[in-house]
Amino acid sequence: AKLLLDPKMPEEVLEVLMTDLLNRPNGLKLDNLFEIARMQNHPKGEEARDVLEVFLDLEEGMDWDAIKASGNWEPVRQAKDKFKAENPDE
């Protein structure tokens, strides 16, 4: 996870790690996607937000720029935590 969270990693490495992350248990997957989505300049930030939007059934067209600018990630965090509680890892 540390390598994936490092925005300075080569794009090819991040692509492989991101693909692997999507095959992990919900807890690990969603927590890391959330962290990537919150990062200002992570190359996979937009992809992480897209995946979170689908997994968490967030409002389509959510204004991620406004969320990033305001720093108010609480609605996304709550949706993530709710999904994890309803879909526990085996």
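Described below are features of the structure shown in this document. A quick note: this is a predicted structure, and the numbers were derived from the prediction, not measured. (Residues numbered from 1 in each chain as written. Predicted model: local features only at pLDDT ≥ 70, side-chain atom pairs only at ≥ 80, totals over all residues. Heavy atoms only, no water.)

### A look at the overall build of the protein
Logical step 1: Tallying secondary structure elements over the protein gives five helices and zero strands in all.
Logical step 2: Listed by position from the N terminus, the elements making up the protein come as α-α-α-α-α.
Logical step 3: For 90 residues, the compact-globule estimate of 2.2 N^0.38 gives 12 Å, and the C-alpha radius of gyration of the protein, at 13 Å, lies within 12% of that figure.
Logical step 4: With the C-alpha coordinates of the protein rotated into their principal frame, the extents come out at 35 × 30 × 20 Å.
Logical step 5: Across the 90 residues that make up the protein, the buried fraction comes to 37%.
Logical step 6: Looking at the protein alone, contacts between residues at least 24 apart form 53% of all its contacts between residues at least 6 apart.
Logical step 7: When the accessible surface of the protein is summed, it comes to about 5,700 Å², and 49% of that surface belongs to carbon and sulfur atoms.
Logical step 8: For the protein, the centre of its 12 positive side-chain charges and the centre of its 21 negative side-chain charges are spaced 6 Å apart. (Helix = DSSP H or I, 4+ residues; strand = E, 2+ residues; numbered from the N terminus. Rg over C-alpha atoms; globule rule 2.2 N^0.38 Å. Buried < 20%, exposed > 50% of the residue type's maximum accessible area, 1.4 Å probe, protein only. Contact = heavy atoms within 4.5 Å. Areas by Shrake-Rupley, 256 points an atom, 1.4 Å probe, with all protein chains shown as cover. Lys, Arg positive; Asp, Glu negative; His and termini not counted. Charge placed at Lys NZ, Arg CZ, Asp CG, Glu CD.)

### Notes on the nonpolar core
When a protein is soluble and globular, its nonpolar side chains tend to lie buried together.
Logical step 1: Counting residues in hydrophobic clusters, the biggest one holds 22 residues, and the most contacted among them are Leu33, Leu52, Leu56 and Val76.
Logical step 2: Listing elements by their share of this core, those giving two or more residues are α1 (11-21), α2 (26-38), α3 (45-55), α4 (64-70) and α5 (74-86).
Logical step 3: Element by element, the count of residues in this core is highest for α2, at five residues.
Logical step 4: Among all residues touching Leu56, those that are not within four sequence positions of it are Leu30, Val76, Ala79, Lys80 and Phe83. (Core = buried A, V, L, I, M, F, W, Y, C linked by side-chain atoms within 4.5 Å.)

### Here we look at the packing of α2 against α5
Logical step 1: Interaxial distance between α2 and α5 falls to 10 Å at its minimum, and their mutual angle equals 170 degrees. With respect to α5, the axis of α2 lies roughly antiparallel. Of the residues in α5, those touching α2 at Asn26, Gly27, Leu30, Asp31, Phe34 and Arg38 are Val76, Arg77, Lys80, Phe83 and Lys84.
Logical step 2: For the contact of α2 with α5, the per-class residue count stands at four nonpolar, two polar and five charged. (Axes fitted to C-alpha atoms, helices over the stretch in contact; angles between N-to-C directions. Parallel < 35°, antiparallel > 145°, perpendicular 65-115°, else oblique. Nonpolar A, V, L, I, M, F, W, Y, C, P; charged D, E, K, R; others polar.)

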